[in-house]
Amino acid sequence: MTHHPPGRGEFTPRQLAAALPDAARKLDPRHTIRAPVVFVVWIGSLVTTVAAIVDPSFFGFAIAAWLWVTVLFANLAEAVAEGRGRAQAEALRRTKQETVARRLRPDGGEERVPGPRLAVGDLVVVEAGELIPGDGEVVDGVASVDESTMTGESAPVIRESGGDRSSVTGGTRVLSDRITVRVTTRPGEGFLDRMITLVEGASRQQTPNEIALNILLASLTLVFLLAVATLQPLAAYAGRQQTLTVLTALLVCLIPTTIGALLSAIGIAGMDRLVRRNVIAVSGRAVEAAGDVNTLLLDKTGTITLGNRQATEFIPVTGVDEHELAEAAQLSSLADETPEGRSVVVLAKNRYGLRGREEGRVTDVTFVPFSAHTRMSGVDLGDGRRIRKGASTAVMKWVRAEGGRPADTVGPLVEAIAGEGGTPLLVAERTPGEPARVLGVIRLRDIVKAGIRERFAELHRMGISTVMITGDNPATAAAIAREAGVDRHLAEATPEDKMELIRREQAAGRLVAMTGDGTNDAPALAQADVGVAMNAGTMAAKEAGNMVDLDSNPTKLIEIVAIGKQLLITRGALTTFSIANDVAKYFAIIPAMFTGVHPQLDRLNVMGLASAQSAILSAVVFNALVIVALVPVALRGVRYRPTSAAAMLRRNLAVYGLGGLVTPFVGIKLIDLVVHLLPGIR
Ligand SMILES: Nc1ncnc2c1ncn2[C@@H]1O[C@H](COP(=O)(O)OP(=O)(O)OP(=O)(O)O)[C@@H](O)[C@H]1O
Ligand SMILES: [K+]
Ligand SMILES: [Mg+2]
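Residues numbered from 1 in each chain as written. Chains lettered and ligands numbered in written order. Predicted model: local features only at pLDDT ≥ 70, side-chain atom pairs only at ≥ 80, totals over all residues. Heavy atoms only, no water.

As recorded in an unreviewed UniProt entry, the protein goes by Potassium-transporting ATPase ATP-binding subunit and comes from Streptomyces millisiae. Listed under Subunit (unreviewed entry) in UniProt, the entry text for the protein is "The system is composed of three essential subunits: KdpA, KdpB and KdpC." (UniProt positions renumbered as here; feature names shortened; annotations may be inferred.)

Next up, the structure:
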């Protein structure tokens, strides 16, 4: 369960009042010009103000004042959204605490230094109960860490050296054991710090979609400008030449001010909703892309499965003694800092009493570290003996290359483990003067996460196809894919394969999202349209993606997609509302403008508005109030449910299209009932 500080994310009218000073500052035309529609209103305000001064009238001043109010309200939406974003960023920042670090000296001793004085590359020791002084990577040890100060998530997480869970964040607390951390960023310049700065986003970039919509709105504005301009000759012909004030007011009522005013607030609110779910997006563009994602790529180990793959059994091939296999497996893992490698050492020690690495009994050896490319790790001993362990295809290949021939019994053994979703690691050795031979298999066990099947079913309902990509063998992959219920899977994938798969999907016109935590995920995270890196993952992964999940929960993507969809739907709904509104206003005001000129036109004044002036002013007031009334919708977002896009569209057209058509008639009429009583209105 995610815990949110009280009130976090709720919208209250007080926020509107609090944002007023910011909104007033945004009256600066250099700011307003970013939203063309609002800028047109700004010019209109100026024009009507001048007109009112030159030829003073109550009506003239009233219109000018309300046009300024319209611009202010338009700014208000954005100011509120930004204010909420800042509050959110503050909440993240407050969690940072001052610490005293236990820095390791080159001579092996320890010294105490204040956290902020740490430098990149420093090694610090952190033990149970202590705060981690800065962002870094665990270089030694395993510990459970409480990251709830940062994420609100209360379950402790495991952080360990070597694997994909080696990165730790400053200000989080070690709960058990002892780790050595290499500081990777200067305090205050950590990854999270940079992300927070981004969230505060004084310099938020418009997304390509927003720019496109703004261009559309600007074109609409131009069309209405022409429509209003051509109204004048008609009006003159009818003997009712209109003043500049009336024409400007009419223009403002007709152009899509509502969506023009709310557009940027909708975007900011989308990113803000993500932050509330502990996801930080680098760009608004990523959030939008999330709303349109077609394909979701997930890796197996650690995402679909729990990821702490543990060795549970050593199974020797016929003719090899169990102890011999265990000893070789352990030797090959002494320097293997991956969770898999460590678990092999532990199993050998616990079950066969073989001494672990602490004893340092092996000297004169070269370790071959694991890589996702070779899919092997191992050791070359001083006496010429060489041991390898790894994925079966990789080790079989090595055995053949070293002149050996794997026994026939190896195949079935491997398949049996893989068939039930386990990962078989083959162990092989070569002694000088003899061909290489397979000694046996290590069974690694991993467990599919609880509830993941339901999550995938939900994604399916959203119309998103899921692909599991793994470096593991095809049989294991198939077994896990079946159990988890993913749509497709790809086995024995290298980092390049992952990226290639994304490229292919994109070439077919699909938007791809991917979650990952490992350094070998980085290229794919960078290539994906939505790349969500786990905060617990490696720095490379975090730098490559365009979102970071502070909770390191790979299924968070479902929520991210929902938030993205909600953003797109909200924008669509409010655009529909805004334009329907404008069209309705046209029919509401025009007849009223010509009352008394043509009896036939009078009949069109179905609303029975009191007078031309009253009708125009009421429309302007309504136009301004609608913006404020819709701020909560823009910030909270239109509700999203996983249904088909067509059903969603139908519903929104009905609600926001019809609503947009009807409200002006009701609203303007109500305002007119009050406005026509004003003494200065004719
Ligand atoms: N420490 C290790 N030593 C030797 N072989 C290993 C080690 N760890 C994993 N392997 C083997 O290498 C294969 C590929 O590992 P890789 O990390 O690329 O993918 P994965 O972890 O299996 O899957 P995923 O991509 O879902 O994380 C594993 O399936 C396993 O067979
Ligand atoms: K309008
Ligand atoms: Mg992996």
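The next thing to look at is the overall build of the protein. Of the regular secondary structure elements, the protein holds 25 helices and 21 strands. Taking 682 residues into account, the globule formula puts the C-alpha radius of gyration at 26 Å, and the protein, at 33 Å, lies well above it. Out of the 682 residues belonging to the protein, those deemed buried represent 54%. For the protein, restricting intrachain contacts to residue pairs at least 6 apart in sequence, the fraction spanning at least 24 positions comes to 69%. Entry remark: accessible area of the protein is about 28,700 Å², with carbon and sulfur atoms responsible for 59%. Here the protein contributes 72 positively and 71 negatively charged side chains, and the mean placements of these two sets differ by 7 Å. (Helix = DSSP H or I, 4+ residues; strand = E, 2+ residues; numbered from the N terminus. Rg over C-alpha atoms; globule rule 2.2 N^0.38 Å. Buried < 20%, exposed > 50% of the residue type's maximum accessible area, 1.4 Å probe, protein only. Contact = heavy atoms within 4.5 Å. Areas by Shrake-Rupley, 256 points an atom, 1.4 Å probe, with all protein chains shown as cover. Lys, Arg positive; Asp, Glu negative; His and termini not counted. Charge placed at Lys NZ, Arg CZ, Asp CG, Glu CD.)

Turning our eyes to something else, we now look at the site of ligand 1. Contacts to ligand 1 come from 23 residues, most closely from Lys300, Thr301, Asp336, Thr338 and Ser377. Here an oxygen atom of ligand 1 and a backbone polar atom of Thr301 are 2.8 Å apart. Take Asp472: an N or O atom from its side chain is 3.1 Å from an oxygen atom of ligand 1. Starting from 600 Å² of accessible surface for ligand 1 in isolation, the protein chains cover 94%. When contributions to the shell around ligand 1 are tallied by element, the ones reaching two or more residues are helix H12 (300-304), strand S13 (376-380), strand S14 (386-390) and strand S15 (423-430). Split into classes, the residues belonging to the shell around ligand 1 amount to six nonpolar, eight polar and nine charged. (Near = heavy atom within 4 Å. Polar contact = N/O pair within 3.5 Å; in protein donor to acceptor, adjacent residues only side chain to side chain. Nonpolar A, V, L, I, M, F, W, Y, C, P; charged D, E, K, R; others polar.)

As a further point, take the packing of helix H4 (residues 36-54) against helix H8 (residues 208-237). Taken N-terminus to C-terminus, the directions of H4 and H8 make an angle of 40 degrees; their axes are 8 Å apart at the nearest point. Between H4 and H8, the interaxial angle falls into the category oblique. Here Pro36, Val37 and Val40 of H4 lie close against H8, whose contacting residues are Asn214, Leu217, Ala218 and Thr221. Taken together, the residues of the contact of H4 with H8 break down into five nonpolar, two polar and no charged. (Axes fitted to C-alpha atoms, helices over the stretch in contact; angles between N-to-C directions. Parallel < 35°, antiparallel > 145°, perpendicular 65-115°, else oblique.)

The next subject is helix H15 (residues 392-401). Restricting attention to buried positions, one finds in H15 the residues Ser392, Ala394, Val395, Met396, Trp398 and Val399. Packed against the buried residues of H15 are S13, S14, helix H16 (410-419), S15 and strand S16 (437-445). In the segment just after H15, Gly403 is the residue with positive phi, at about 85 degrees.

This part is about the coordination of the potassium ion (ligand 2). Protein coordination at the potassium ion (ligand 2) comes from Val252 (O), Cys253 (O), Ile255 (O), Thr257 (OG1), Asp582 (OD) and Asn623 (OD1), with a distance range of 2.4 to 3.0 Å. The site at the potassium ion (ligand 2) holds six donor atoms, and with the angles between them running 67 to 159 degrees, its shape is irregular. Each donor residue of the potassium ion (ligand 2) belongs to the same chain, with the gaps between them written as V-C-x1-I-x1-T-x324-D-x40-N. Here Cys253, found in helix H9 (residues 244-254), pairs with Asn623, found in helix H24 (residues 612-636); they are 370 residues apart in sequence, far enough to count as distant. The same class applies to Cys253 as to Asn623, namely buried. (Donors = N, O, S within 2.8 Å, 3.2 Å for Na, K, Ca; no water. Tetrahedral: all angles 85-135°; square planar, octahedral: opposite > 155°, others 65-115°.)

Before going further, it helps to examine the packing of helix H22 (residues 556-593) against helix H25 (residues 645-675). Where H22 meets H25, the axes come as close as 8 Å, and the angle between the chain directions of the two elements is 35 degrees. With respect to the hand of their crossing, H22 and H25 are arranged in right-handed fashion. Across from Ile569, Ala573, Thr576, Phe577, Ala580, Asn581, Ala584, Lys585, Phe587 and Ala588 in H22, the residues of H25 making contact are Met648, Asn652, Leu653, Tyr656, Gly657, Gly659, Gly660, Leu661, Thr663, Pro664, Phe665 and Ile668. When the residues that make up the contact of H22 with H25 are grouped by side-chain class, the tally is 14 nonpolar, seven polar and one charged. (Left-handed = near helix turned anticlockwise from the far one by under 90°.)

Here we take up the UniProt feature "active site" (unreviewed entry) in the protein. Under the UniProt annotation, the feature "active site" (unreviewed entry) is placed at Asp299. The contact partners of Asp299, leaving out residues within four places of it in the chain, are Ile304, Met468, Ile469, Lys498, Thr515, Asp517 and Asp521.

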